[in-house]
Amino acid sequence: MAEAITTVRLDLVPLRVHHAEEMAVVLSDPALHAFTGGAPDTSGALRERYQRLGAGSPDPAVSWLNWVIRLRDEEHLAGTVQATIGQFDDGARAEIAWVVGTPWQGRGIATEAARALVAWLGRQDVRTVMAHIHPEHHASSAVATACGLAPGDEWQDGERRWLRRTG
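Residues numbered from 1 in each chain as written. Predicted model: local features only at pLDDT ≥ 70, side-chain atom pairs only at ≥ 80, totals over all residues. Heavy atoms only, no water.

Draft legend 1. Expanded view of the overall build of the chain. For the chain, the count of helices and strands is 4 helices and 8 strands. Tracing the chain from N to C terminus, the helices and strands come up as β-β-α-α-β-β-β-α-β-α-β-β. The globule rule puts the C-alpha radius of gyration for 167 residues at 15 Å, and the 15 Å found for the chain is close to it. Dimensions along the principal axes, computed over C-alpha positions, put the chain at roughly 40 × 35 × 35 Å. Counting only residues that meet the buried cut, the chain has 43% of its 167 residues in that class. Taking as baseline every contact in the chain between residues at least 6 positions apart, the subset at least 24 positions apart corresponds to 59%. By element, 49% of the accessible surface of the chain is carried by carbon and sulfur atoms, the whole surface being about 9100 Å². (Helix = DSSP H or I, 4+ residues; strand = E, 2+ residues; numbered from the N terminus. Rg over C-alpha atoms; globule rule 2.2 N^0.38 Å. Buried < 20%, exposed > 50% of the residue type's maximum accessible area, 1.4 Å probe, protein only. Contact = heavy atoms within 4.5 Å. Areas by Shrake-Rupley, 256 points an atom, 1.4 Å probe, with all protein chains shown as cover.)

Draft legend 2. Representation of the packing of aromatic side chains in the model. Using the criterion set out here, one finds 1 aromatic pair in the structure. Note on Trp67 and Trp120: the rings are 5.3 Å apart at their centroids and 75° apart in plane angle, and the pair reads as edge-to-face. Here Trp67, found in strand S3 (residues 62-71), pairs with Trp120, found in helix H3 (residues 109-123); they are 53 residues apart in sequence, far enough to count as distant. Side by side, Trp67 and Trp120 carry an identical accessibility label, which is buried. (Phe/Tyr/Trp six-rings, centres within 6.5 Å; stacked < 30°, edge-to-face > 60°.)

Pasting the structure below:
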């Protein structure tokens, strides 16, 4: 289960339905979808999505963990981080992702949040952390590198899999 994670500047707070309205504003820039496709969700659509995420994965072997990124000094949300954890013969694996709203990009927020998430996953005995990143998304590649992930040879839906093995 997701628990609060604190960094120097950030609080990673477990995602709740009541975050939908503020997150709709944070994620409202269509440019955030340049590499993933789609369009910004309304607060109603996010509320429904957050309810589904809060209900958990229908597969009992998979955990969905989601956090909002709160800037402590500015007292508002700036993005999200997430981890999908599954159990495999070689141990737990987590696929992670992050998004930071356009006004807060370029300040190291994604890197700080993703590093904190990877460190937290390590304390949960997750042996492999992975992310799927579009080859032209240089900012996400930099975040992954800062978290100790390296590009692998596998591709999925036009995105390269980045990996970090912890044990």
